[in-house]
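Summary of structural features
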Amino acid sequence: MLRATGIDIGATGTRWVSVGQYWGAAQKEDAAPLGGTAIANLGADRLTFRRIGVPHVGREIQGQVVREELGFSLPFSLEDATWDWLESDEMASVIVAFNEDIIALRQKVGDSATIDAAPLSILRALLENRQTEALVFDFGATHTTVCGIKDRALEWIKVSLRGGDDLTKRIALANMQDLEMAEEHKRTVGCEDYTCRQWLRELVDSLALSSRPLFSQVFICGGGAALPGITEALKEYCGKEVKLFPMPDSLSPYSDVLAYGAALAGKPRRPKVELCPPVQKSSNIKLIYAVWLALLLLLGTADLELRHATLTRLQTQHQAVISEALQQEAPELANMELSNIPAEVEKRLSRSQRIGISSPNNYIETMAAIDKAISSLTNLEIRTIEFRPDNSGQNTVVMLTGLAESAQQVESFRSACDKVLTKAELIDSRAGANSTTRFTIEGQLRQQ
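Bear in mind the structure is a predicted one, so any value in this text is a computation, not a measurement.

Now for the packing of helix α4 (residues 164–175) against helix α5 (residues 179–189). In contact at an axis separation of 8 Å, α4 and α5 are set at 105° when each is read in the N-to-C sense. Accordingly, the angle class assigned to the pair α4 and α5 is roughly perpendicular. Across the interface between the two elements, G164, L167, T168, K169, I171, A172 and N175 of α4 pack against L179, A182, E183, H185 and K186 of α5. A breakdown of the residues in the contact of α4 with α5 according to their chemical character gives five nonpolar, four polar and three charged.

Counting across every chain of the model gives 20 salt bridges. When the shortest N-O distance is used, the salt bridge between R162 and E202 registers 3.8 Å. Residue R162 is found in the loop between β11 (153–160) and α4, and its partner E202 is found in helix α6 (residues 194–206); the two are separated by 40 residues along the sequence. Residues R307 and D303 are paired through a salt bridge, measuring 2.6 Å at the closest nitrogen-oxygen approach. Placement of both R307 and D303 in helix α9 (residues 287–329) is noted, with a separation of four residues, approximately one turn of the helix. Among the residues examined, D303 registers a relative accessible area of 34% and is labelled partly exposed. Ionic contacts of the salt-bridge type, sharing partners, join the residues R162, D166, R170 and E202 into one network.

Before going further, it helps to spend a moment on the packing of aromatic side chains. Under the defined criterion, the tally for this structure stands at seven aromatic pairs. Where F137 meets F139, the ring centres are 5.8 Å apart and the plane angle is 10°; that geometry is what we call stacked. Here F137 falls in the buried class, since its relative accessible area comes to 0%. A residue is classified by how much of its surface remains accessible, and F139, at 2% relative accessible area, is buried. Among the aromatic residues, ring-to-ring pairing joins F137, F139 and W199 into one connected group. In this structure, R59 packs its charged tip against the face of W85, placed 3.7 Å from the ring centre. If you follow K150 out to its NZ or CZ, it ends over the ring of F215, 5.2 Å from the centre.

What counts, and at which threshold
Residues numbered from 1 in each chain as written. Predicted model: local features only at pLDDT ≥ 70, side-chain atom pairs only at ≥ 80, totals over all residues. Heavy atoms only, no water. Axes fitted to C-alpha atoms, helices over the stretch in contact; angles between N-to-C directions. Helix = DSSP H or I, 4+ residues; strand = E, 2+ residues; numbered from the N terminus. Parallel < 35°, antiparallel > 145°, perpendicular 65-115°, else oblique. Contact = heavy atoms within 4.5 Å. Nonpolar A, V, L, I, M, F, W, Y, C, P; charged D, E, K, R; others polar. Salt bridge = Lys/Arg side-chain N within 4 Å of Asp/Glu carboxyl O. Buried < 20%, exposed > 50% of the residue type's maximum accessible area, 1.4 Å probe, protein only. Phe/Tyr/Trp six-rings, centres within 6.5 Å; stacked < 30°, edge-to-face > 60°. Lys NZ or Arg CZ within 6 Å of the ring centre and 35° of its normal.

Here you go:
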């Protein structure tokens, strides 16, 4: 069975969870299996998150928009970072990570593992339970991650350095205890302790929830979710019922959420990013490689000499064949210099091609193909079709203007035109009346 394994390297240990890529229940693992797909989480405290508006076009153009926006908004150079994004309803959820953090994680998990982002693991685990909206608190030892999830996408992410270790230190200072006693006090008394409640209150206040979208439910996970009384205290501060993060029976919401969510990235059609680390190049060349290089150069030189002799012989034969063919098929070219014949033949072919492109039959077949593309798109109208030569005079430009129900329908029509025209591009798109979209698509007439 093909299985994907999620790897979560936390401050208190490493967790492995595997899931079947197409079927098969989730299960804990003692280590990453040798076979199958491995996905490792980069912690939220090592990531920068951005929401950027992007056009509903190809991923390459979206990438240009995202890069430009990141260049303006990030306080560091993009040369030092790696980034990827997910697009939903013309909004890109962008994850940015420092190259050095990716390389450090890669050294721990191996070169074959894919690097993903911890907040996306929370999103995938929630979606796997058929939930599309929630406020999720992930209480870790070194930091707490809070994710706002709306409409199956990450709406926002907040990372606070108020983790379990920080709470233990506060309790130790307030009660004049050592860290070991404070940790035990935290685990047994929990939110009945004033310091603990104050710590949790400060965390919630830092989120400014009143200025953010409302959520219908609140889930908690991570080691801190086991704190006694935390669900009741959070309910008081957030104004919503608080529940443990929903997980399969074989897994724990206290330790396995991130590893489980990472494993789900190996299943088809799940939201995921791939943070590819930069390739480090070495300037040192080993002696054995230098010897092989010299040997290959010697063999290559001998091969070139042999090829040159063979090509010279073939060229002589080809010239004789071409001269005989010209005498029979194009006697007017037989008396031209051999070096001028290719240019003359190319000129004649180009003229023949232009005639073929601008033939009435080609216009009619193109119009029929465009009509066929429209027939599958309800309520899309073509207002004008213009045929004109391009600036070089070598090709014919086809310009289509019309009205569509939405930008998505325009892109579907453009994709259909790409099969009829050469380089079909959307050169203008704007809002029309009654929530419609006016568009202009331009491409080149193909030779039939």
